[in-house]
Every structure is written in C-alpha cells, then in structure tokens.
Amino acid sequence: MKIRLANLQDANAIADIASALGYQNDDSKDLAKLRLERLLLSNNDKVWVAEFNGQLIGWLHAQHAFRAASTDFIEILGLSVAGQARLKGAGRALVEKAKEWALNEKITLRVRTNDARDGAKNFYTTLGFTIAKTQSVFQIENKEVS
C-alpha cells in the first residue's frame, strides 16, 4: 500500500469512495475536481490518498485550523476507505499522516464523527483518540449555495 498526497487526477476516485459511504455526491465530476483543486492550493489543507496495486482505495482530508480565541489544531475533516479495502490498514495509515503533520506542527490532532457512527468511534479510539467534548451542529440550509 502506498500513501501519498492527492493530485487532481484523484478527484473522481475520491468522490466515488465518499459517495459509496453515504456522503451525498450529486456534483458533476468537474465540481469534484474544482473542490479538490481548491484544497490542493490551500496552505492549510492536506489531502492524502491510499493506493493499492495502482488503485485508489482511500483518502483523508485534514486542515490546520486557526481560531480567534483558542489554540491552533489540525483536524481530520474527512476519511473514507473503499468497502473492499476496509480493515486492511489504509485508514490507519492515512491517519498516521495526519498525526505526523500535527506532531511536526506541535499541535493537537482532532477528528469529529457523527455520534451514530459506532464503527468510526471505535476506529478512532483504537488509534488513541479520546473524546474531548460533545456538541450539537446547527445549520441553515441555503439552496442557492453549492
């Protein structure tokens, strides 16, 4: 298995893996590429992919978060591994890249997961994460914004 930084050619595979896990992906392939391009140009974001035998099997997006009133941290904003590749170490290897980044920056690594995702909670606990807090997420839907 190979872990590397993503490139624009990975956009469709990233979107396909995410949608297979239930993330809504009604976007065109062009929009997936534009989103990834924006992240790749950012100094605060990193996207790694896992490849096995030349096929992309997983991805992780992390961001160096800056806050006005609290300490910086790195946060895993997305992690998906293709169904056929689960429990083979890809997710762990991707998280290790985010851990390395946080260690190099000398800051905390965080991740949030939906409370209903017991598998994700168990996965992160196994990797040494502990629950720091619980919270609610509020949003206002704007159908005009993509």
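Whatever comes next refers back to the structure up there.
Presented here is a report on the structure given in the accompanying data block. (Residues numbered from 1 in each chain as written. Predicted model: local features only at pLDDT ≥ 70, side-chain atom pairs only at ≥ 80, totals over all residues. Heavy atoms only, no water.)

Turning to the overall build of the chain, a few remarks are in order. The helix and strand inventory of the chain stands at four helices and five strands. Helices and strands in the chain line up, N terminus first, as β-α-α-β-β-β-α-β-α. For the chain, buried positions account for 32% of its 146 residues. For the chain, the share of sequence-separated contacts (at least 6 apart) that also reach a separation of at least 24 residues comes to 57%. Only carbon and sulfur atoms are counted for the fraction: they give 50% of the accessible area of the chain, which is about 10,100 Å². Of the side-chain charges in the chain, 20 are positive and 17 negative, and the distance between the mean point of each set is 5 Å. (Helix = DSSP H or I, 4+ residues; strand = E, 2+ residues; numbered from the N terminus. Buried < 20%, exposed > 50% of the residue type's maximum accessible area, 1.4 Å probe, protein only. Contact = heavy atoms within 4.5 Å. Areas by Shrake-Rupley, 256 points an atom, 1.4 Å probe, with all protein chains shown as cover. Lys, Arg positive; Asp, Glu negative; His and termini not counted. Charge placed at Lys NZ, Arg CZ, Asp CG, Glu CD.)

Here is a general trend for soluble globular proteins: nonpolar side chains tend to be buried in one another's company. With 21 residues, the main nonpolar core has Leu60, Ile76 and Val95 as its most contacted residues. Mapped onto this core, the elements with two or more residues apiece are β2 (45–52), β3 (55–65), β4 (73–81) and α3 (90–105). Take this core: its biggest share by element is six residues, from α3. Beyond its immediate chain neighbours, meaning those up to four positions away, Val95 contacts Leu60, Ile76, Leu79, Phe123, Tyr124, Leu127 and Phe129. Counting eleven residues, the second largest nonpolar core, distinct from the first, contains Ala11, Leu36, Trp59 and Ala82. (Core = buried A, V, L, I, M, F, W, Y, C linked by side-chain atoms within 4.5 Å.)

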